[in-house]
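A closer look at the structure
Residue strings, one per chain:
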Amino acid sequence: MKSIAERLDSLRRQIPMHVKLVAVSKTKSKDEILEAYHSGQRAFGENYVQEMVAKQPLLPPEIEWHFIGHLQTNKVRSIAPFVQWIHSVDSEKLLAEINTQAAKHHRVIHCLLQVHVAVEETKFGWDNEELTAFCGRADFRQYPFVNIRGIMGMASFSEDEKLVRSEFQVIKKCFEELKTTAFKGKADFTEISMGMSSDWRWAVEEGSSMVRIGSAIFGARN
Ligand SMILES: *Cc1c(COP(=O)(O)O)cnc(C)c1O
């Protein structure tokens, strides 16, 4: 069986340089995360607040923590002191709370707006039209401790390449539209977080800038 370091090496050889690899370490132990860290990985993603808050103090401060799961407003407080990226912003209420909590720590948190495209998957996120409408009317200057860097989406959990690619294309198109409208002139609105272990190759070909990969690095979860 391949080690975590070997799997990471092989992924790094395949993922283009301009695409950021976020290693999704949910359910994985401190030692497994450290093995990835020692092979050079710095960005790690978690999707449960309690788990992330428990692991973070045990691990090197150089780790860049990405929160990728559904985030409840009342849980923002506990990750605000250290989280660098939140991929799963799905309401203005959540955005406002991230701003409030980040301000308390004099930090700016990078955020991605979650767009919902998959038919049968999570109900979190705005759909394509809702997101463009929201961004058109929102005044993001109210939230100086949040930096909206792009969008995040998940394709259907399917082996149907045509379906999955078409969903990634919807996410990409939504990003391009926002880039020329609500976020026009915002030079760092650059990120499209899409692609996981099963579909990251398709996601990258369809324009992903960040892939969130768990099982292909750490092995299957229980
Ligand atoms: C678990 C998870 C991933 C990674 O899934 P793998 O299939 O293990 O690569 C990516 N994104 C989100 C939001 C997740 O919850």
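Right above here is the structure, for reference.
Described in the following lines is the structure provided in the data block. Predicted model only: the values in this text are computed from it and were never measured. (Residues numbered from 1 in each chain as written. Predicted model: local features only at pLDDT ≥ 70, side-chain atom pairs only at ≥ 80, totals over all residues. Heavy atoms only, no water.)

Moving on, we get to the environment of Cys-135. Tracing the chain through its elements places Cys-135 in helix H6 (residues 128–137). Judged by relative accessible area, which is 4%, Cys-135 ranks as buried. A C-alpha to C-alpha distance of 9.9 Å links Cys-135 and Glu-92, two positions 43 residues apart in sequence. If we skip the residues at most four places from it in the chain, Cys-135 touches Leu-113, Phe-140, Leu-178, Ala-182 and Phe-183. (Helix = DSSP H or I, 4+ residues; strand = E, 2+ residues; numbered from the N terminus. Buried < 20%, exposed > 50% of the residue type's maximum accessible area, 1.4 Å probe, protein only. Contact = heavy atoms within 4.5 Å.)

With 64 residues, the main nonpolar core has Ile-86, Leu-131 and Ile-151 as its most contacted residues. A total of 6 residues in this core trace back to one element, the largest contributor, which is helix H7 (residues 161–180). Dropping the residues within four chain positions of it, Ile-86 is found in contact with Phe-67, Leu-71, Ile-79, Ile-98, Ile-109, His-110, Cys-111 and Leu-112. (Core = buried A, V, L, I, M, F, W, Y, C linked by side-chain atoms within 4.5 Å.)

Turning next to the packing of H6 against H7. It is at 10 Å that the axes of H6 and H7 come closest, and there the two elements cross at 15°. It follows that H6 is roughly parallel to H7 by the angle criterion. Pair H6 / H7 crosses with right-handed handedness. Facing Asn-128, Leu-131, Thr-132 and Cys-135 of H6, the residues of H7 in contact are Val-170, Cys-174, Glu-177 and Leu-178. (Axes fitted to C-alpha atoms, helices over the stretch in contact; angles between N-to-C directions. Parallel < 35°, antiparallel > 145°, perpendicular 65-115°, else oblique. Left-handed = near helix turned anticlockwise from the far one by under 90°.)

Okay, the pairing of strand E1 (residues 20–24) next. In terms of burial, E1 is largely enclosed, as 4 of its 5 residues are buried. Across 4 bridges, the pairing between E1 and strand E9 (residues 210–213) is parallel. Residue pairing in the sheet places Val-22 in a bridge with Arg-212 of E9. Bridge analysis of E1 against strand E2 (residues 43–46) gives 2 bridges, and the strand direction is parallel. Note that in E2 the partner of Ala-23 across the bridge is Phe-44. Note on the crossover from E1 through helix H2 (residues 30–38) to E2: the handedness is right-handed. (Pairing = 2+ DSSP bridges. Right-handed = clockwise from strand over helix to strand, strands pointing away.)

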